[in-house]
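# Remarks on the overall topology
The lines below spell out each chain.
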Amino acid sequence: ADDFYMKAHFKWSSASATADISGCGFIFAVQDNKDKDHYGVFLDKSRVYFVKTGYSYEPFGPTRGTGRVSFDVPAGYPIDADFTLLVKETSAYVLVDEKLVGEYTLSKSSILHGELGLAILSGTNKTYGTRCQMTNLHAWMPEE
């Protein structure tokens, strides 16, 4: 996919009340080397965590909007929200519960064509770490 739309209902929990950034997410522009050179976007209890990957995660903030959300700590009981990602050319838009929380500018020097995927980011190694359930998943790519 190049330009696309992905949406899902996320329900996640953490084994630790003090976990680092953790939650459900999407990956895109995945290349043949599978474990590097792609983008990831995750919904955490306090923010949208947008990263470009290579040999390590390179987080970056929104060009417009705050990228901030406010959920209870997902320890002991799950938190849920609708999460939407729209990518058009070098712009990515993230909506949480149908509200735009951030617009992100993607690197023009990166390959933006590639596979899409589902992802989980666990901010703790205690017991089960982070659990993530995604339902009502929708994806759309315009025909070329």
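Summary of the structure given here. Here the structure is a predicted model, which means the values were calculated and not measured.

With phi around 60 degrees, A29 is a residue other than glycine that occupies positive phi space. As for its placement among the helices and strands, A29 is situated in strand β2 (residues 23–30). Taking relative accessible area as the criterion, A29 reaches 1% and is therefore assigned buried. Positive phi is not limited to glycine here, since E89 has a value of about 55 degrees. Residue position: E89 is located in the loop between β7 (79–88) and β8 (91–96).

One pass over the full model with this rule turns up one disulfide. Note on cysteine connectivity: C24 is disulfide-linked to C132, with sulfurs 1.9 Å apart. Disulfide C24 to C132: torsion about the S-S bond roughly 130 degrees, handedness right-handed. In this pair, C24 sits in strand β2 while C132 sits in strand β11 (residues 130–140), placing the two residues 108 residues apart along the sequence.

This part takes up the environment of C132. Relative accessible area serves as the criterion here: at 27%, C132 is assigned to the partly exposed category. Excluding its chain neighbours within four sequence positions, the residues that come into contact with C132 are K11, W12, C24 and I120.

Attention now goes to empty space enclosed by the protein. Going through the model one piece at a time under the given rule, you end up with one cavity of 30 Å³ or more. Roughly 50 Å³ of internal volume is contained in the largest cavity. What lines the largest cavity is simply W12, S14, S16, A17, A19, D20, S22, D44, K45, V73 and P74. Residues of the lining of the largest cavity, tallied by class, amount to five nonpolar, three polar and three charged.

Quick notes on the rules
- Residues numbered from 1 in each chain as written.
- Predicted model: local features only at pLDDT ≥ 70, side-chain atom pairs only at ≥ 80, totals over all residues.
- Heavy atoms only, no water.
- Helix = DSSP H or I, 4+ residues; strand = E, 2+ residues; numbered from the N terminus.
- Buried < 20%, exposed > 50% of the residue type's maximum accessible area, 1.4 Å probe, protein only.
- Disulfide = S-S within 2.5 Å.
- Contact = heavy atoms within 4.5 Å.
- 1 Å grid on protein atoms, 1.4 Å probe; cavity = no way out; pocket = protein on both sides within 12 Å on 5 of 7 lines; lining within 4 Å.
- Points joined across faces, edges and corners; volume = space filled by probe spheres on them.
- Nonpolar A, V, L, I, M, F, W, Y, C, P; charged D, E, K, R; others polar.

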